[in-house]
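Report on the structure
This is what each chain is made of:
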Amino acid sequence: MRTTVGIIGAGPAGLLLARLLHNAGIDSVVLESRDRAYVERRQRAGILEQGTVDVLREAGAGERMDREGLRHDGIELRFDRRRHRVDFPALTGGRSVMVYAQTEVCKDLIALQLKEGGPLLFEAEALAVEGAETDRPRIRFRHQGAEDVLECDYVVGCDGFWGVARAAVPDGRTFERTYPFGWLGILADVAPSHDELVYARHDRGFALLSMRSPSVSRLYLQVPADTDADDWSDERIWDELERRFETDDDWTLRRGPLTQKSVTPMRSYVHEPMRHGRLFLAGDAAHIVPPTGAKGLNLAVGDVVTLARALVHRTATGSDELIDAYSATCLRRVWQAERFSYDMTTLLHTAPDATPFENRLQVARLERITSSRAAETDLAEAYTGFPIG
């Protein structure tokens, strides 16, 4: 089997890259180790930056997002029983975000790929990337019980932290921070208790109110990193959420039946460089952010947009200038997102060993954001998205 671009992984990064390349007349093959049903149901991010929304629309993948997604023009910060709304359009010149789950993005892109794009092989496990230093790299993979080889001009690893692509980059440098807490996340069949996301800082720990639709709530509690979700009863979860979201007004938390409960670890990770020869890393294969800043999916989109532009430029001009700049271009954006995600995490979470001084500094930082237009604008600009490229 032969193609121009071999893509490992059918998450949003791999699928969007295939779509962008198809629209530019560049052929690709996508290899995904899981079956289609798994890819279309795995719960991940749900906040799309303005730039991500624009890219999906331009790629022809925005019709259902625009119909079913929830545009949000702000978030609420909550601390010391106080509430403060951050107005995105007023602070950023009109930018906003969209609540539209990663599962839905993948469904839309899979449907387009199967209808219009190149081969998308499910249950095709990539075994190794070979010859990345040459002009004919190869992906060895197993599909339908037999091993095969995909010969390419370029290989793109969108297969996550544990995938074979990252392991094929020799002599890379890694930067990492593991946090001593995680998120206990729930899905509940109940209308959201607020029409925008609520980020709550509380002495008992962080809480986040989010949603998947007008009738499905997504909520999170900060818990110790080694927490077993089964140790938390539904009633205990709702009681704790109620404590952490408490305010001095008459706001109330709506309760409903839980349909999903799990614990997400928190870590920051960057792999440099994001390229080795003709092998490129994108998305979680190259970087991971704590979910507090809502940056993971959006960083992956930035990576593949940058790479698609570089490959189109190479096809049109014969120049490798943008391809050679891929890693450095992406990493500038990655590190800004890492910085913002770290800032949001340390601003809102209560560390197990935090001193009263450190707790008071958190409140002072929040008071600065809620009283200074400059500080509030910095948060709004970062949350709605850094420029791509």
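Residues numbered from 1 in each chain as written. Predicted model: local features only at pLDDT ≥ 70, side-chain atom pairs only at ≥ 80, totals over all residues. Heavy atoms only, no water.

**Quick notes on the sheet that holds strand S4 (residues 70–72)**
Within a sheet, adjacent strands bond to each other through the backbone by hydrogen bonds, running parallel or antiparallel. Inclusion rule: The rule for pairing is simple: two strands pair if DSSP sees at least two bridges between them. A run of H or I in DSSP counts as a helix once it spans at least four residues, and a run of E counts as a strand once it spans at least two, with each numbered from the N terminus.
One open sheet accounts for three strands, arranged S3-S7-S4; its pairing is antiparallel. The open sheet has two edge strands with one neighbour each: strand S3 (47–48) and S4. With three bridges connecting them, S4 and strand S7 (residues 97–99) associate as antiparallel partners. If you follow Leu 70 over to S7, its bridge partner there is Val 99.

**With respect to the sheet that holds strand S1 (residues 5–8)**
Spatial ordering of the open sheet is given by S8-S2-S1-S12-S19-S18, a layout of six strands whose pairing is mixed. The sheet terminates laterally at strand S8 (120–121) and strand S18 (275–276), the two strands that pair on one side only. Relative to S8, strand S2 (residues 28–31) runs parallel, the two being bridged by two bridges. Looking at S8, one finds that Val 30 is bridged to Leu 120.

**A word on the packing of aromatic side chains**
Let me state the cut-off plainly: Stacked, tilted and edge-to-face pairs are distinguished by plane angle, under 30 degrees for stacked and over 60 for edge-to-face with tilted covering the rest, among Phe, Tyr and Trp rings (Trp via its six-membered ring) whose centres lie within 6.5 Å. Only protein chains enter the area calculation, which uses a 1.4 Å probe; residues under 20% of their type maximum are buried, those over 50% are exposed, and those in between are partly exposed. In this analysis the charged atom, NZ for Lys or CZ for Arg, is taken to sit over a ring once it is within 6 Å of the ring centre and within 35 degrees of the ring normal.
Counted by the stated rule, this structure contains 13 aromatic pairs. Aromatic side chains Trp 183 and Phe 206 sit 5.4 Å apart centroid to centroid with 25 degrees between the ring planes, which places their arrangement in the stacked category. Taken as a pair, Trp 183 in strand S13 (residues 173–188) and Phe 206 in the loop between strand S14 (197–201) and strand S15 (207–213) lie far apart in primary sequence, 23 residues in all. By relative accessible area, Trp 183 is classed as buried at 2%. Judged by centre distance (4.7 Å) and plane angle (45 degrees), the rings of Trp 183 and Tyr 220 are tilted. On the criterion of sequence distance, the pair formed by Trp 183 in strand S13 and Tyr 220 in strand S16 (residues 216–224) is long-range, its members being 37 residues apart. By relative accessible area, Tyr 220 is classed as buried at 11%. Cluster of aromatic residues (ring-pair linked, three or more members): Phe 88, Trp 183, Tyr 199, Phe 206, Tyr 220, Phe 340 and Tyr 383. Across the ring face of Tyr 38, the terminal group of Arg 34 is positioned such that the distance to the ring centre comes to 4.2 Å.

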